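Survey of secondary and tertiary structure
If you want the building blocks of each chain, they are given just below.
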Amino acid sequence: MIPYGRQDVSEADIEAVVSVLRSDFLTQGPVVPRFEQAVAQRCGAAHAVAVSNATAALHLACLALDLGPGDLCWTSPVTFVASANCARYCGAEVDFVDIDPVTRNIGIGALEAKLEAAARASRLPKVLVAVHLCGDPCDMEAIHALSKRHGVAVIEDASHAIGALHRGEPVGSCRYSDITVFSFHPVKIITSAEGGMALTQRADLARRMARLRSHGITREAAEMEHPDAGPWAYEQLELGFNYRMTELQAALGLSQLQRLQPFLDARHRLAARYDEALADLPLTLPWRDPRDRSALHLYVVRVRPEAPVDRAALFARLRERGIGANVHYIPVHTQPYYRRLGFAVGDFPQAERYHAEALSLPLFAAMTDAQQTTVIDALRGALAA
Ligand SMILES: *Cc1c(COP(=O)(O)O)cnc(C)c1O
């Protein structure tokens, strides 16, 4: 099966992990801070907090922004469930803003209208989770301006977007947000097996996330309520978690970070070949903002109504030929858990229309030309007039 995405692990990556296994620390050692500094530096953020996965990073980001019971968090319905679940972990309510059918990210007009209605009803969200779907950055200037006008905190779920440029600046700089989250799951741009990171320009948010990552415990005298208890003293100041990243994960992540640019270049080369080879088929090919540089986590086509087969049939045809096409994503509000919270099919029509036609084609840095030819030929066989 040609998967829709997979990791590319080199001998150097393996060597980096093995050397940690031979070292003094498997966790809480020197490699996690090195990985944090390297990512922060590459993205132009002041602080980075590495955690066990991006879901944990989103959870800590919401907690650091004081999201809690009675509060509201908004996100896109077209995302992985974790972008919404993080607010539920905090006891907050979730709502969604429908997508723009071209960018597939949160619609700026929809966001503006919904914020104005919420302001009139005195029911503004405390946090907005903006998702850079497929690695294509959201219009962050517009989101930032709206969030400032209404006093809403912004988290960028950049699980798809490490290495992306937004108007020439790296995603992760947090220029237009409070916190940006990356995922290092094996299907993402770079991997640490499991792993995630939260970046921010604000020292207070970074300190809070670092503390919550490790049980809510501090060892800094300045933070303690009883700093004179002894040189062994630590204090649990609030209820935290064990969301730590291991040294093995950080070593893999740090080694993979050195390969980020070649990975991105490979994804762009493959996407350009899809753009050209599929241009005459009844597919809507993914739009990319010429002012940005996508990280191209996903290459999602939409099967047009005039196509001889629909999305489901095309999906089956590809799978029969050993091609692991996929669908990203089933709109979050239609999941049984969210329906039980009151959402229904029909609530976010652009998201649902997108989902009915969307198909993710295989795209990963180590994909060979021969594998891509197999995908292109299968699509042409199913769709060419
Ligand atoms: C992968 C993903 C996550 C969760 O990442 P994990 O590291 O697996 O927890 C969150 N949001 C989006 C948009 C994702 O694609």
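Residues numbered from 1 in each chain as written. Predicted model: local features only at pLDDT ≥ 70, side-chain atom pairs only at ≥ 80, totals over all residues. Heavy atoms only, no water.

**A few points about the overall build of the chain**
Summing up its helical and strand segments, the chain has 13 helices and 14 strands in all. Expressed along its principal axes, the backbone C-alpha trace of the chain runs to roughly 80 × 60 × 35 Å. Taken over 385 residues, the chain has a buried fraction of 56%. Taking all contacts inside the chain whose residues are at least 6 apart in sequence as the whole, residues at least 24 apart take part in 72%. Of the side-chain charges in the chain, 39 are positive and 44 negative, and the distance between the mean point of each set is 3 Å. (Helix = DSSP H or I, 4+ residues; strand = E, 2+ residues; numbered from the N terminus. Buried < 20%, exposed > 50% of the residue type's maximum accessible area, 1.4 Å probe, protein only. Contact = heavy atoms within 4.5 Å. Lys, Arg positive; Asp, Glu negative; His and termini not counted. Charge placed at Lys NZ, Arg CZ, Asp CG, Glu CD.)

**Observations concerning unusual backbone geometry**
In this structure, the amide linkage connecting histidine 328 to the following residue, tyrosine 329, adopts the cis form with an omega of 0°. Examined against the element boundaries, tyrosine 329 turns out to sit in the loop between α10 (311–320) and α11 (336–340).

**Describing helix α8 (residues 247–257)**
Taking burial as the measure, the 11 residues of α8 include 10 buried ones, the bulk of the element. Taken as a whole, α8 has its buried residues at Glu247, Gln249, Ala250, Ala251, Leu252, Gly253, Leu254, Ser255, Gln256 and Leu257. Here the buried face of α8 lies against α1 (11–21), α2 (31–43) and α9 (260–277).

**A few points about the side chain of aspartate 71**
You can see aspartate 71 is positioned in the loop between α3 (54–64) and β2 (72–75). At 3.1 Å, the side chain of aspartate 71 and the side chain of lysine 126 are in polar contact. Among residues more than four places away in sequence, those in contact with aspartate 71 are Asp66, Ala92, Glu93, Arg123 and Lys126. (Polar contact = N/O pair within 3.5 Å; in protein donor to acceptor, adjacent residues only side chain to side chain.)

**A look at the site of the ligand**
Thr55, Asp157, His160, Ser183 and Lys188 are the nearest of the 14 residues found near the ligand. Within the contact set of the ligand, an oxygen atom lies 2.5 Å away from a side-chain nitrogen or oxygen of threonine 55. A distance of 2.7 Å is found between an oxygen atom of the ligand and a side-chain nitrogen or oxygen belonging to histidine 160. In the complex, the protein chains occlude 93% of the 380 Å² of accessible area that the ligand would expose alone. Only α3 and α4 (82–89) provide two or more residues apiece to the shell around the ligand. For the shell around the ligand, the residue count by class is 4 nonpolar, 8 polar and 2 charged. (Near = heavy atom within 4 Å. Areas by Shrake-Rupley, 256 points an atom, 1.4 Å probe, with all protein chains shown as cover. Nonpolar A, V, L, I, M, F, W, Y, C, P; charged D, E, K, R; others polar.)

**Some words on the state of the cysteines**
One pass over the full model with this rule turns up 0 disulfides. Cysteine cysteine 174 shares no disulfide, and the gap to the nearest cysteine sulfur, in cysteine 43, comes to 8.4 Å. (Disulfide = S-S within 2.5 Å.)

**Remarks on helix α5 (residues 108–120)**
The end-to-end C-alpha distance of α5 is 18 Å, a good match for the 18 Å that 13 residues give at a rise of 1.5 Å each. Residues of α5 that are buried: Leu111, Leu115 and Ala118. In an axial view of α5, the angular spread of the buried residues amounts to 65°, which keeps them on one side of the axis. Just past α5, the residue serine 122 takes up positive phi, approximately 50°. (Expected span 1.5 Å × (residues − 1). Arc of directions from axis to C-beta.)

**As for the pairing of strand β1 (residues 47–51)**
With 4 of 5 residues buried, β1 lies mostly within the body of the structure. Pairing of β1 with strand β9 (residues 196–200) involves 5 bridges; the strand directions are antiparallel. Its bridge partner being in β9, alanine 50 is matched across the sheet by methionine 197. (Pairing = 2+ DSSP bridges.)

**Considering the packing of aromatic side chains**
What the rule picks out here adds up to 8 aromatic pairs. Each ring, one from phenylalanine 35 and one from phenylalanine 184, has its centre 5.2 Å from the other, and the planes form 45°; the classification is tilted. Of the two residues, phenylalanine 35 is situated in helix α2 and phenylalanine 184 in the loop between β8 (179–183) and β9; the sequence distance between them amounts to 149 residues. Seen from their ring centres, tyrosine 337 and tyrosine 338 are 4.9 Å apart, and the 85° between their planes marks the pair as edge-to-face. A relative accessible area of 35% places tyrosine 337 in the partly exposed class. Using a relative accessible area of 1% as the deciding quantity, one classes tyrosine 338 as buried. (Phe/Tyr/Trp six-rings, centres within 6.5 Å; stacked < 30°, edge-to-face > 60°.)

**A short note on the sheet that holds β9**
Taken in spatial order, the 7 strands of this open sheet run β1-β9-β8-β5-β4-β2-β3, and their pairing is mixed. Sheet topology places β1 and β3 (93–96) at the edges, where each strand pairs with a single neighbour. On average, each strand axis in the sheet is tilted by 20° relative to the strand beside it, whichever way the strands run. With 5 bridges joining them, strand β4 (residues 127–131) and strand β5 (residues 153–157) adopt parallel strand pairing. Looking at β5, one finds that alanine 130 is bridged to glutamate 156. Each of β1, β8 and β9 touches helix α7 (residues 203–213); the most contacted strand, β1, lies at about 15° to it. (Axes fitted to C-alpha atoms, helices over the stretch in contact; angles between N-to-C directions.)

**Considerations on the pattern of salt bridges**
Across all of its chains, the model carries 28 salt bridges by this definition. A salt bridge links aspartate 95 to lysine 114, with the shortest nitrogen-to-oxygen separation between them at 2.9 Å. Remark: lysine 114 occurs in helix α5 and aspartate 95 occurs in strand β3; sequence separation between them is 19 residues. The closest approach of N and O atoms between arginine 288 and aspartate 275, which form a salt bridge, is 2.6 Å. Of this pair, arginine 288 sits in the loop between β12 (283–284) and β13 (299–303) while aspartate 275 sits in helix α9; the two residues are 13 residues apart in sequence, bridging distant segments of the chain. On the accessibility criterion, aspartate 275 (24% relative accessible area) is partly exposed. (Salt bridge = Lys/Arg side-chain N within 4 Å of Asp/Glu carboxyl O.)

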